[in-house]
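Survey of secondary and tertiary structure
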Amino acid sequence: MNILYLVYHGFSEVSGISKKIHNQVKGLRQNGHDVHICYYTFSSEGCRCRYVDDHIIRNYGRGCIAALHQRIDYRCIYEYCIEQEIDFIYARSFQNANPWLVSFFRRVREAGISCVTEIPTYPYDQEFVGFSFVTRLGLHIDQVFRNRLASQMNAIVTFSDAREIFGQRTINISNGVDFDSIPLHACHPAGEDVHLIGVAEVHYWHGYDRLIAGLGEYYKKNPVRKVYFHIAGGVADTEMYNSLHAPGYAELMDKYGIREYVVFHGQLFGDELDRVFNQCVFAIGSLGRHRSGITNIKTLKNREYATRGIPFIYSEIDSDFDHQPYVLKAPADESPINICEILEFVEHSMMRPEDIRKSVEHLSWKIQMEKVINAVCADNV
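1. Digging into the overall build of the protein
In terms of regular secondary structure, the protein is built from 13 helices and 15 strands. Computed over C-alpha atoms, the radius of gyration of the protein comes to 22 Å, within 12% of the 21 Å expected from 2.2 N^0.38 for 381 residues, which places it in the range of a compact globule. Seen through its principal axes, the protein has C-alpha atoms that stretch 70 × 45 × 40 Å. By the burial criterion, 53% of the 381 residues in the protein qualify as buried. When the 39 basic and 47 acidic side-chain charges of the protein are each reduced to a single mean position, those positions are 3 Å apart.

2. Thoughts on the side chain of His 206
Secondary-structure assignment places His 206 in the loop between strand E10 (194-199) and helix H6 (208-220). Judged by its relative accessible area of 11%, His 206 is buried. Ignoring anything within four residues of it in the chain, the contact list for His 206 reads Ala 200, Glu 201, Gly 285, Ser 286, Leu 287 and Gly 288.

3. So, unusual backbone geometry
Of note, the amide linkage connecting Tyr 122 to Pro 123 takes the cis form, showing an omega dihedral of -5°. Tracing the backbone through its elements, the reader meets Pro 123 in the loop between strand E6 (114-119) and helix H5 (133-151). Residue Phe 166 is not a glycine yet carries a positive backbone phi of 55°. With respect to the secondary-structure elements, Phe 166 resides in the loop between strand E8 (164-165) and strand E9 (168-172). The backbone phi angle of Asn 222 is positive, close to 50°, even though this residue is not glycine. Mapped onto the fold, Asn 222 is located in the loop between H6 and strand E11 (227-232).

4. Description of the sheet that holds E6
Overall, mixed pairing links the nine strands, which are arranged E4-E3-E2-E1-E5-E6-E7-E9-E8 in an open sheet. The strands lining the two open edges of the sheet, one partner per strand, are strand E4 (55-61) and E8. Sheet topology note: the E8/E9 ladder contains two bridges and is antiparallel. Of the residues in E9, the one forming a bridge with Glu 164 is Arg 169.

5. Concerning the environment of Val 281
Relative to the helices and strands, Val 281 is located in the loop between helix H9 (270-279) and strand E13 (282-284). Of the residues examined, Val 281 reaches a relative accessible area of 18% and is grouped as buried. Linking Val 281 and His 195, residues 86 residues apart in sequence, is a C-alpha distance of 6.1 Å.

6. With respect to empty space enclosed by the protein
Overall, the coordinates contain two cavities of 30 Å³ or more when judged by the stated rule. Computed from the structure, the largest cavity encloses a volume of approximately 130 Å³. Every residue lining the largest cavity is counted, 17 residues in all, and those nearest its centre are Ser 93, Ala 97, Thr 117, Ile 119 and Leu 149. It is H5 that contributes the most residues to the lining of the largest cavity, four residues altogether.

7. Examining the layout of surface pockets
Unoccupied space between atoms shows up once a probe the size of one water molecule is rolled over them. In this structure, the second largest pocket encloses a volume near 260 Å³. What lines the second largest pocket is a set of 14 residues, among which Phe 131, Tyr 204, Thr 238, Glu 239 and His 245 lie closest to the centre.

8. Remarks on the sheet that holds E11
One open sheet holds the six strands; their spatial order is E12-E11-E10-E13-E14-E15, and the pairing between them is parallel. Since the sheet does not close on itself, it has two edges, and those belong to strand E12 (262-266) and strand E15 (327-329), each with one partner. If you compare each strand with its neighbour and ignore which way they point, the axes differ by 25° on average. Relative to E13, E10 is paired through two bridges, and the arrangement is parallel. Paired with Leu 196 across the strands is Phe 282, a residue of E13. Its contacts with the sheet place H9 against E10, E11 and E12, and it is angled at close to 140° to E10. Contacting E10, E11, E13 and E15, helix H11 (residues 339-348) runs over the sheet at an angle of about 160° to E15.

9. Here we look at the nonpolar core
By size, the foremost hydrophobic cluster in this structure holds 56 residues, and its most contacted members are Leu 211 and Phe 229. No other element matches H6, which puts seven residues into this core. Once you skip the residues sitting within four places of it in the chain, Leu 211 turns out to touch Leu 196, Phe 229, Ile 284, Leu 287, Ile 337, Ile 339 and Ile 342. Grouped together as the second largest cluster of nonpolar side chains are 36 residues, Val 52, Ile 89, Phe 105 and Leu 149 included.

10. Focus: the packing of aromatic side chains
In total, this model carries 20 aromatic pairs according to the counting rule given. Consider the rings of Tyr 219 and Tyr 261, whose centres lie 4.0 Å apart with planes at 15°: the pair is stacked. Placement of the pair is Tyr 219 in helix H6 and Tyr 261 in the loop between helix H8 (249-256) and E12, with a sequence separation of 42 residues. For the residue pair Tyr 219 and Tyr 261, the accessibility class agrees, reading buried in each case. Here the aromatic rings of Phe 282 and Phe 345 are separated by 6.0 Å at their centres, their planes lie at 75°, and the arrangement is edge-to-face.

11. What to know about the pairing of strand E5 (residues 88-92)
Counted residue by residue, E5 has five buried out of five residues, so it is predominantly covered. Side chains of E5 alternate between two faces, with Phe 88, Tyr 90 and Arg 92 and Ile 89 and Ala 91 buried alike. Where strand E1 (residues 2-6) lies against E5, four bridges are found, and the strand directions are parallel. Following the sheet pairing, Leu 4 is matched in E5 by Ile 89. Relative to E6, E5 is paired through five bridges, and the arrangement is parallel. Along E6, the bridge assignment pairs Ala 91 with Thr 117. With respect to chirality, the unit in which E5 leads through helix H4 (residues 99-110) into the neighbouring parallel E6 is right-handed.

Quick notes on the rules
- Residues numbered from 1 in each chain as written.
- Predicted model: local features only at pLDDT ≥ 70, side-chain atom pairs only at ≥ 80, totals over all residues.
- Heavy atoms only, no water.
- Helix = DSSP H or I, 4+ residues; strand = E, 2+ residues; numbered from the N terminus.
- Rg over C-alpha atoms; globule rule 2.2 N^0.38 Å.
- Buried < 20%, exposed > 50% of the residue type's maximum accessible area, 1.4 Å probe, protein only.
- Lys, Arg positive; Asp, Glu negative; His and termini not counted.
- Charge placed at Lys NZ, Arg CZ, Asp CG, Glu CD.
- Contact = heavy atoms within 4.5 Å.
- Pairing = 2+ DSSP bridges.
- 1 Å grid on protein atoms, 1.4 Å probe; cavity = no way out; pocket = protein on both sides within 12 Å on 5 of 7 lines; lining within 4 Å.
- Points joined across faces, edges and corners; volume = space filled by probe spheres on them.
- Axes fitted to C-alpha atoms, helices over the stretch in contact; angles between N-to-C directions.
- Core = buried A, V, L, I, M, F, W, Y, C linked by side-chain atoms within 4.5 Å.
- Phe/Tyr/Trp six-rings, centres within 6.5 Å; stacked < 30°, edge-to-face > 60°.
- Right-handed = clockwise from strand over helix to strand, strands pointing away.

So this is what it looks like as structure tokens:
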């Protein structure tokens, strides 16, 4: 099958989203398909351009008019699909439904091209609380047109358990993993100290404030054993100070006097990330998805932790992991995380990293993307 993977933004070497997209493309190719990536970014000359793979298919130019055109003009993508005889478009939602995008997908469907849109997080409206007026205006436009956009799809791809989204049937898959890029956990604990790790570009729904508050309550009891929390990833000032959604990290650390026990590494990759992981015995998943109105979700981070082979905690419903022996579930509320419970869990955890990793072999991107292709092919029989 000749597939176009459509993205409405560019890529970054330090972005987890970019890594995920490329791993999905790899999964499609592992299933024997010819896959091309269409994306939008700036050229080296500063022009706004639409690319397929490394080739410009439309140069919109510079300035405000160019910015507007890239949001409403999708003719170059349609022409590419017709000229290259694309069979299937896999689009990744950017919460950007609009009448021009609806028209584009109507035309490609009329040309006999199958289409799906992946909605990475559903529902997503509450994630925009506190954002700028311009961003919220974009969401409002999306709200007006997203049902019409969904009607032009063969299906909506979701990592939730929803059976219908915006009036369209869903293809339910799990976030996948690329086993080639994630090393097995090799823990080297430092004496009696216990080190925990959370890896994320931090947002309020990660709920790390709950873990920090839990550390504060733990140290109020003057425990003998020291516990450290390592955060690998960017933490914006909106999470450190005066958060709209929860106590700021700095506020909590100062309240409890525990700054030395929370370590901010910033973005880490490769050997540097592996080194911190291997110092830690337990990982922290999302602890605040309820804040954005999400109950069921299959996050990428849970799967990456399991692929490494490290036990972890989270608070949402994730049917792939809820009953696994290496998972500790936290309540989906605002209570501080019980650190003593984590310590007890770690002490009695018996699974080896290789056994944890083996439990998620079925979550490879090759298998997850095959589910999408099979569902779409069934429509065309």
